[in-house]
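Single-letter residue listing:
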Amino acid sequence: MSWPTLDVGVAYVVGAGWDIRMSRELVISPIVEWQHFTLAGDRTYHGKLLNVGLMITWSGHESDLDQLLSEE
Amino acid sequence: MRWLRLIIMAVLFGTMTAPLSAQHECQCGLREVKESDNNPNRRSGIWASLGAGAGVESFNAYDGLGWANGIWGGVVSGKAGLTVGQNLTIGGEGQLWIHEFPQYRRMLGSIMIIGQLYPVARGDSFSRVGQGGLEMTSASTTRRRLLSKLSGMAGALWQA
């Protein structure tokens, strides 16, 4: 029975993108990235994965932390 | 001449009142200059991100056949981290690539430590690098095929 197969290895990724600010805390980023991996299971092989996509990012702010701490 | 006098009066009135209005808007005196005054919070604090897209995967098993043809699949990712500075954010990322074949599903997942480099502190373009601590693939049969295998095994056991 060949289910499931699971190969584990190491990988690295490089990519590039652009932040499009939607609001003070939200950013949408188109991104392109290249991933290369080496897997070792019952066989050893190299793979590559080229991704294109969108990221939506929420980020906090240090000033918010300052306000929170000053209220306490 | 009367028009000329009116224009001169208007100019004088404007030059006298403009500094007054500017003074009204001026917030003079000492005040704390926050980083956000100079930099409208480009990057700061913690951050979390969700991503979706598409990716083409290919592999080389070094069996003399070279690189396999690329296969498109869907990609989802999640990541979170900290802002080190206006030029660098670091974090952890989990990513999953999925392609559904008629008989099985192929998945490629990774967990990585990543860094996003912003060459210009106030800019929006970035490059990112990451090193994966775990990369795994899984080629799973569909539920129907798994059930047929299980029923076949049960039948063989019953006959035995």
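What you see is a predicted model, and the numbers here were worked out from it, not measured in a lab.

1. Quick notes on the overall build of chain B
Link 1 in the chain: Of the regular secondary structure elements, chain B holds 3 helices and 5 strands.
Link 2 in the chain: Reading the secondary structure of chain B in the N-to-C direction produces α-α-β-β-β-β-β-α.
Link 3 in the chain: In chain B, which comprises 160 residues, the proportion classed as buried is 19%.
Link 4 in the chain: Long-range pairs, those at least 24 residues apart, make up 42% of the contacts in chain B with a sequence separation of at least 6.

2. Description of the interface of chain B and chain A
Link 1 in the chain: With 47 residues of chain B at the interface, the matching set in chain A holds 43 residues.
Link 2 in the chain: Mapped onto the side of chain B that touches chain A, the elements with two or more residues apiece are β1 (46-60), β4 (104-117), β5 (125-141) and α3 (143-159) of chain B.
Link 3 in the chain: At 16 residues, the largest contribution of residues to the side of chain B that touches chain A is made by β5(B).
Link 4 in the chain: Pairing geometry for strand β4 (residues 44-59) of chain A and β1(B), over 14 bridges, is antiparallel. Of the residues in β1(B), the one forming a bridge with A:Asn51 is B:Gly55.

3. What to know about the environment of B:Ser127
Link 1 in the chain: Among the structural elements, B:Ser127 can be located in strand β5.
Link 2 in the chain: In this structure, the C-alpha to C-alpha distance between B:Ser127 and B:Gln116, residues 11 residues apart in sequence, is 5.8 Å.
Link 3 in the chain: The residues contacting B:Ser127, other than those within four sequence positions of it, are A:Gly15, A:Ala16 and B:Leu117.

Rules and cut-offs
Residues numbered from 1 in each chain as written. Chains lettered and ligands numbered in written order. Predicted model: local features only at pLDDT ≥ 70, side-chain atom pairs only at ≥ 80, totals over all residues. Helix = DSSP H or I, 4+ residues; strand = E, 2+ residues; numbered from the N terminus. Buried ≥ 20, exposed ≤ 12 C-beta atoms within 10 Å, placed from the backbone. Contact = placed C-beta atoms within 7 Å. Pairing = 2+ DSSP bridges.

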